[in-house]
Amino acid sequence: MKTPAPAPRPRPATPADLEALLALEKLCFEFNRMGRRSFRRLLERPSAHILVIDGADGTLAASAVLLSRQGTRGMRLYSLATHPDLRGRGLAKAMVAAALELVRATGHQWLSLEVHPENDAARALYERLGFHQTSVEEDYYADGSHAFRLRRYVG
Ligand SMILES: CC(C)(COP(=O)(O)OP(=O)(O)OC[C@H]1O[C@@H](n2cnc3c(N)ncnc32)[C@H](O)[C@@H]1OP(=O)(O)O)[C@@H](O)C(=O)NCCC(=O)NCCS
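Because the structure is predicted, anything quoted here is derived from the model rather than measured.

**Q** Any chance you could explain the environment of Ala20 here in plain terms?
**A** Tracing the chain through its elements places Ala20 in helix 1 (residues 18–28). Residue class for Ala20 comes out buried when judged on its relative accessible area of 15%. Spatially, the C-alpha atoms of Ala20 and Ser63 are 9.9 Å apart, while their sequence positions differ by 43 residues. Those residues in contact with Ala20 that sit more than four places away from it in its chain are Gly58 and Leu60.

Encoded structure:
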C-alpha cells in the first residue's frame, strides 16, 4: 500500500533536522552527497537556506538547499530531493515554488541551478516550471559529464 502523501508545506530546516537531512540525502543521491559537516555548516550560514517538507515519523519527504552570494542578484538551488517513495506527488513542485518565493522575498531576481543531462525527471520538472538554459558547464559532474545551467526569473 502506498504511504499517504504529506501536505506539501515547505518549512525552513533547523539543526534538529540534521539526521533526517542526511538520511534523505543518502536515499536520493548516489554520488556527490552532502555530508554531516556540510549540512551542519549550511544550517548555520545566513546565506544558506534549507527548506524541508516533513514526512512520517520524523523523516523528511523532501529537501531543498538554496545559496545566495553577496553581489549577485540571483540565488542558486544547490540541491533538491524528494524521498523515492513519495515522488510524482508534486512535492518538488511545491519546493521550487517555495524557493522562488524565498528568492522574491529576499530581493533577488532569479533562481539558477545545474542539472545532469541524463536526469530526465529533474529536467522535466524545471522545464515545466519555466526554467531556461543559460549555459553548459563542461566536465561538471564526478562522471565527467557536463551540466546544463538553468535560470528562472521571479517577478
Ligand atoms: C527530481 C525530483 C526532485 C522530482 O521530485 P518529485 O517530487 O517526484 O517531482 P513532482 O512530483 O513535484 O513533479 C513535478 C513535475 O516534474 C516533472 N517530473 C517529475 N518526475 C518526473 C519523471 N520521473 N519523469 C518525467 N517528468 C517528471 C513532471 O512535469 C511533474 O509534473 P506533473 O506530475 O504535473 O507532470 C526527484 O525525482 C528526485 O529527488 N530525484 C533524485 C534527486 C535529484 O535528481 N534531484 C535534482 C537534482 S538537479
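Next, the rest of the story.
**Q** Looking at this structure, how should I read the layout of surface pockets?
**A** Once rolled over the atoms, a probe with the size of a water molecule shows which space is left empty. Approximately 1300 Å³ is the volume attributed to the largest pocket. Lining the largest pocket are 37 residues; nearest its centre among them are Cys28, Phe29, Leu80, Asn119 and Ala122. Here the lining of the largest pocket gets 7 residues from one element, more than from any other, and that element is strand 4 (residues 74–82). Of the residues assigned to the lining of the largest pocket, the class counts are 19 nonpolar, 7 polar and 11 charged. Estimates place the volume of the second largest pocket at around 330 Å³. Forming the walls of the second largest pocket are 14 residues, and the residues nearest its centre are Arg69, Thr72, Gly74, Arg76 and Ser112. Among the secondary structure elements, those contributing two or more residues to the lining of the second largest pocket are strand 3 (60–68), strand 4, strand 5 (110–115) and strand 7 (147–153). In terms of residue class, the lining of the second largest pocket is made up of 3 nonpolar, 5 polar and 6 charged.

**Q** Would you mind showing me how to read helix 3 (residues 91–105) here?
**A** Each α-helix turn comprises 3.6 residues. Residues three or four places apart therefore point the same way. Taking 1.5 Å per residue, 15 residues should reach 21 Å; helix 3 reaches 21 Å between its end C-alpha atoms and fits that length. Of all the residues in helix 3, the buried ones are Leu91, Ala92, Ala94, Met95, Val96, Ala99, Leu100, Leu102 and Val103. Looking at the buried positions of helix 3, the neighbouring elements they touch are strand 2 (48–54), strand 3, strand 4, strand 5, helix 4 (120–128) and strand 7. After helix 3 finishes, the residue Gly107 shows a positive phi value of roughly 80°.

**Q** Explain the site of the ligand to me, please; I cannot follow it from the model alone.
**A** The ligand sits among 20 residues. The nearest are Leu80, Thr82, Gly88, Gly90 and Asn119. Backbone polar atom of Leu91 to an oxygen atom of the ligand: 3.5 Å apart, as the coordinates give it. In the environment of the ligand, an oxygen atom lies 3.1 Å from a nitrogen or oxygen atom belonging to the backbone of Ala92. Protein coverage of the free-state accessible area of the ligand, which is 920 Å², stands at 72%. Under a 2 Å grid-point criterion requiring more than half of the atoms, the pocket assigned to the ligand is the largest pocket.

The rules behind these values
Residues numbered from 1 in each chain as written. Predicted model: local features only at pLDDT ≥ 70, side-chain atom pairs only at ≥ 80, totals over all residues. Heavy atoms only, no water. Helix = DSSP H or I, 4+ residues; strand = E, 2+ residues; numbered from the N terminus. Buried < 20%, exposed > 50% of the residue type's maximum accessible area, 1.4 Å probe, protein only. Contact = heavy atoms within 4.5 Å. 1 Å grid on protein atoms, 1.4 Å probe; cavity = no way out; pocket = protein on both sides within 12 Å on 5 of 7 lines; lining within 4 Å. Points joined across faces, edges and corners; volume = space filled by probe spheres on them. Nonpolar A, V, L, I, M, F, W, Y, C, P; charged D, E, K, R; others polar. Expected span 1.5 Å × (residues − 1). Near = heavy atom within 4 Å. Polar contact = N/O pair within 3.5 Å; in protein donor to acceptor, adjacent residues only side chain to side chain. Areas by Shrake-Rupley, 256 points an atom, 1.4 Å probe, with all protein chains shown as cover. Sits in = over half its atoms within 2 Å of the grid points.

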